[in-house]
There are 2 protein chains.
Amino acid sequence: MSSGRARRGKASGGMGRRPARLSAVDRRRAILAAAKEIFLAEGYEGTTMRRIAEALGVTPTTLYLHFPDKSALLTEICDDSFAQLVVEFARADLEHAPPLEALRRLLDSYVGFGLAHPREYRLLFMTEVPPHVGGHRPVPGDGATRPDNGQIAFAALEALVRRLVDEGVFRPGDVETIAEAIWAAAHGLVSLLIAMPHFPWSERARLVDAIAEMVLRGWTRA
Amino acid sequence: MSSGRARRGKASGGMGRRPARLSAVDRRRAILAAAKEIFLAEGYEGTTMRRIAEALGVTPTTLYLHFPDKSALLTEICDDSFAQLVVEFARADLEHAPPLEALRRLLDSYVGFGLAHPREYRLLFMTEVPPHVGGHRPVPGDGATRPDNGQIAFAALEALVRRLVDEGVFRPGDVETIAEAIWAAAHGLVSLLIAMPHFPWSERARLVDAIAEMVLRGWTRA
DNA sequence: TTGTTAAGTTAACATTGTTATTCAATCATC
DNA sequence: GATGATTGAATAACAATGTTAACTTAACAA
């Protein structure tokens, strides 16, 4: 893996000709697209800023013109993915389905989302929130944090549980607690699969089934 | 150059006096102890090999005399923590209790362990182990086949589930899958509480109860 | 033309994990 | 005690990473 010194011809590190000059908005979008692709392919740690820049035909410094640091890329990508989750929930059509069916669908889409976006999932639900000690000044484009998409998603689950309890499908109990327990079960599956990929897990589909079954039978009336 | 270099007194970042020369076994132990402390305090990514060495009054190179790389430290420390969990499981006295009672106790001790040692828990089950991408060949002494403590702990759960299925307390099903699902539920609770301390959770005792109830009713015969 | 602005580059900095090489303390043996 | 091997530890570096300071160039308005 030895890379020699920078030779003048081939551009492993040095750029050849200048890239097209894009507007800030377009460059931003292009960076996000490239970053997402590489993050998904190589993982967060496995992705370097240089690699992203190279894919764009741009120097690494350019990335810092549009994003304060590497994690900002992931954060923004995650926010997009989270919106997808909300969409996924909506697509489960919770309002108009039989509630048990709806819960089942919700669990499926939650797990499906997590396993389809393990990077994002890890950042959203498994990352230690740092004390934000760093000496970073605020970013030009960085607005205030919006109302959390995650809370919206949890509210959907909670509403569904309330409906199940009210209709007598679930046995009575504290709706919030039940919703949290169900979330824990789904999250436990996703996060374990993500964090411990070397464990000899059962077949995924069967595992998801087992979790859903446990949740449904665990709360439905005897 | 100059005949005798100043070996001492370079206080700025460098080493002071030579450390006590320890036997390989003792040095290994000392490294593990220091690494564990710092890992727990700063997290895996936040811990540098230099920092560990500094805490020992030793140069970073010394660490590589006793461990192949950074992740090896994490692996070994995790194994120790798992041993604690195994002890906790044994203390639940699974063999001699009615199986449902035993499962309940096992869940309690698992959750208790996680919430009592959130740092260790995070290290064990939530830390990303980097894909070991560098040009390292596997260490000769590393059998990779010896049953680690984590597998022992899981085996205890699995045995208990098998007993419950065999005795007809649980409805029939794949024992491994059921055990994994139960683990997922317990882990989901612990890891969510650890990772999202700001979420407005229900009271802890009630949550633990809800999880246990969901698990037990989820698998017991109708 | 000139001047300003914003997009981009060059060249580095500071850290990181890690290693090739050298030094020195211990210990068995003469 | 002197000698030489063993091995714990240090020095000094390597390459890669995230990141930044300082400079360059395209576009456009006056």
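All figures in this text were calculated on a predicted structure; none of them were measured in a lab. Within each chain, residues carry numbers counting from 1 in the order of the written sequence. Naming scheme: in the order in which they are written, chains are lettered from A and ligands are numbered from 1. Two thresholds apply to this predicted model, a pLDDT of at least 70 for residue-level local features and 80 or more for giving and counting side-chain atom pairs, whereas whole-chain, interface and lining totals are computed over all residues. Here the side-chain values reflect all heavy atoms present in the structure, with hydrogen atoms and water set aside.

Student: Help me out: how do you make sense of the protein's contact with DNA strand D in this one?
Tutor: If a single non-hydrogen atom of a residue is within 4 Å of a molecule or strand, that residue counts as near it. Near DNA strand D there are 27 residues, and of these A:Arg50, A:Tyr64, B:Arg27, B:Thr59 and B:Thr62 occur at the shortest range. The sugar and phosphate moieties of DNA strand D supply 60% of its atoms located within 4 Å of the protein. Pairs of N or O atoms within 3.5 Å make up the polar contacts considered here, provided that, within protein, one atom can donate a hydrogen while the other can accept it, and that residues adjacent in sequence are counted only when both atoms are side-chain atoms. Separating a base oxygen of DNA strand D from a side-chain N or O atom of A:Thr61 is a distance of 3.2 Å. Under the DSSP-based scheme used, a helix requires at least four consecutive residues in state H or I and a strand at least two consecutive residues in state E, with every element numbered from the N terminus. Put simply, the parts of the chain that give the surface near DNA strand D at least two residues each are helix H2 (49–56) and helix H3 (60–66) of chain A together with helix H1 (24–42) and helix H3 (60–66) of chain B.

Student: How should I be thinking about the interface of chain B and chain A in this particular structure?
Tutor: Note: interface size is frequently given as the accessible area lost on complex formation between the parts. Residue contacts follow a heavy-atom distance rule, with two residues in contact if any of their heavy atoms lie within 4.5 Å. Between chain B and chain A, the residue contacts involve 38 residues of the former and 38 residues of the latter. What counts as buried area is the accessible surface, traced by a 1.4 Å probe, that two parts surrender upon association, with contributions from both included. Here chain B meets chain A over a buried area of about 3,600 Å², counting both sides, of which 63% is carbon and sulfur. It is B:Glu128, B:Glu180 and B:Met214 that lose the most area in chain B upon contact with chain A, and together they represent 17% of the buried surface on that side. A pairing counts as a salt bridge when a side-chain nitrogen of Lys or Arg comes within 4 Å of a carboxyl oxygen of Asp or Glu. In this structure, the connection of chain B to chain A is made through four salt bridges.

Student: I keep staring at the relation of the copies chain B and chain A and nothing clicks. Help me out?
Tutor: Two copies of one chain are present, and they are related through a rotation about an axis combined with an axial shift. Expressed as a screw transformation, the operator carrying chain B onto chain A has a rotation angle of 176° and an axial translation of 0.6 Å, and the superposed copies differ by an RMSD of 2.3 Å. Such a turn and shift between the copies fits a two-fold axis. Most of the interface of chain B is mirrored in chain A, where 100% of its interface residues again form contacts. Alignment of the copies relies on least squares applied to C-alpha atoms, considering only residues that score at least 70 for pLDDT in both.

Student: How should helix H7 (residues 149–166) of chain B be read in this particular structure?
Tutor: Each turn of an α-helix holds 3.6 residues, which means side chains three or four residues apart point in the same direction. All names here are of chain B. The span one expects for a helix is its residue count, reduced by one, times 1.5 Å. Taking 1.5 Å per residue, 18 residues should reach 26 Å; H7 reaches 25 Å between its end C-alpha atoms and fits that length. Those residues of H7 not exposed but buried are Asn149, Gly150, Ala153, Phe154, Leu157, Glu158, Leu160, Val161, Leu164 and Val165. Where H7 is buried, its residues meet helix H4 (70–91), helix H5 (99–116) and helix H8 (175–195). Directly after H7, the chain includes Gly168, whose backbone phi takes a positive value near 80°. Burial classes: relative accessible area under 20% of the type maximum marks a residue as buried, over 50% as exposed, and values in between as partly exposed (1.4 Å probe, protein chains only).

Student: Explain the pattern of salt bridges to me, please; I cannot follow it from the model alone.
Tutor: Where charged atoms of side chains with opposite charge meet at close range, the side chains can pair. By the definition in use, this model includes 20 salt bridges over all chains. For A:Glu76, the salt bridge goes to A:Arg28, with nearest N and O atoms at 2.5 Å. In this pair, A:Glu76 sits in helix H4 (residues 70–91) while A:Arg28 sits in helix H1 (residues 24–42), placing the two residues 48 residues apart along the sequence. What makes A:Glu76 partly exposed here is its relative accessible area of 29%. For B:Asp209, the salt bridge is made with B:Arg104, and the minimal N-O distance between the two is 2.7 Å. On the criterion of sequence distance, the pair formed by B:Asp209 in helix H9 (residues 204–219) and B:Arg104 in helix H5 is long-range, its members being 105 residues apart. Classification of B:Arg104 by relative accessible area gives partly exposed; the value is 25%. Via salt bridges that share partners, A:Arg104, A:Asp108 and A:Asp209 belong to a single interconnected network.

Student: Sorry if this is basic, but what is going on with the packing of aromatic side chains here?
Tutor: Geometrically, a pair of aromatic rings is defined through the distance of the ring centres and the angle of the planes. Side-chain rings of Phe, Tyr and Trp (the six-membered ring for Trp) are treated as a pair once their centres are within 6.5 Å; stacked means planes under 30 degrees apart, edge-to-face means over 60, and tilted covers the remaining angles. For the structure on display, the rule yields 23 aromatic pairs over all chains. Put simply, the rings of A:Phe82, A:Tyr110, A:Phe113, A:Tyr121, A:Phe125, A:Phe154, A:Trp183, B:Phe199 and B:Trp201 pair up and form one aromatic cluster. Counted as over-ring charges are cases with an Arg CZ or a Lys NZ within 6 Å of the ring centre that also lie within 35 degrees of the ring normal. A cation over an aromatic ring shows up here: A:Lys70 above the ring of A:Tyr44, its NZ or CZ 4.4 Å from the ring centre.

Student: Please explain the confidence of the model for chain A as it appears in this structure.
Tutor: Residues and elements named next belong to chain A. Averaged over chain A, the pLDDT score is 82; the fraction of residues at 70 or greater is 82%. Confidence of the predictor in every single residue is expressed as pLDDT, which spans 0 to 100. The low-confidence segment residues 1–14 (pLDDT under 50) makes one contact with residues lying over four places distant or belonging to another chain. Residue range residues 130–147 is modelled with pLDDT below 50. Its contacts to residues more than four positions away, or to other chains, number four contacts.

Student: What exactly am I supposed to notice about the nonpolar core here?
Tutor: Nonpolar side chains tend toward joint burial in soluble globular proteins. Of all hydrophobic cores here, the largest spans 121 residues; its most connected members are A:Leu103, A:Ile182, B:Leu103, B:Ile182 and B:Trp183. Those residues in contact with B:Trp183, other than ones at most four positions away along the chain, are A:Leu192, A:Met196, A:Phe199, A:Trp201, B:Tyr110, B:Phe125, B:Phe154 and B:Leu157. Among the nonpolar cores identified, the runner-up in size contains 19 residues, and A:Ala34, A:Met49, A:Leu73 and A:Ile77 belong to it. We define the nonpolar core as a collection of buried residues of types Ala, Val, Leu, Ile, Met, Phe, Trp, Tyr and Cys that are connected through side-chain atoms lying within 4.5 Å of one another.

Student: Looking at this model, I keep getting lost on the environment of B:Ile182. Mind explaining?
Tutor: Residue and element names in this part refer to chain B. Take Ile182: it is sitting in helix H8. Along the sequence, Ile182 and Ile211 sit 29 residues apart, while their C-alpha atoms lie 9.4 Å from each other. In this structure, Ile182 is in contact with Leu103, Leu107, Leu157, Val161, Phe170, Val215 and Trp219, ignoring residues within four places of it in sequence.

Student: Help me understand the packing of H1(A) against H4(A) in this model?
Tutor: Residue and element names in this part refer to chain A. For the pair H1 and H4, the least separation of the axes is 10 Å and the interaxial angle reads 85°. If you check the angle between H1 and H4, you find them roughly perpendicular. In this structure, H1 contributes Arg28, Ile31, Leu32, Ala35, Lys36 and Phe39 to the contact, and H4 contributes Lys70, Leu73, Leu74, Glu76, Ile77, Ser81 and Gln84. Each residue belonging to the contact of H1 with H4 can be placed in one class, and the counts come to seven nonpolar, two polar and four charged. Angles here are taken between N-to-C directions and fall from 0 to 180 degrees, while the axes themselves are lines fitted to C-alpha atoms, restricted in helices to the stretch in contact. Any angle between 65 and 115 degrees counts as roughly perpendicular, while under 35 counts as roughly parallel, over 145 as roughly antiparallel, and the rest as oblique. Charged residues are taken to be Asp, Glu, Lys and Arg, nonpolar residues to be Ala, Val, Leu, Ile, Met, Phe, Trp, Tyr, Cys and Pro, and polar residues to be all remaining types, Gly included.

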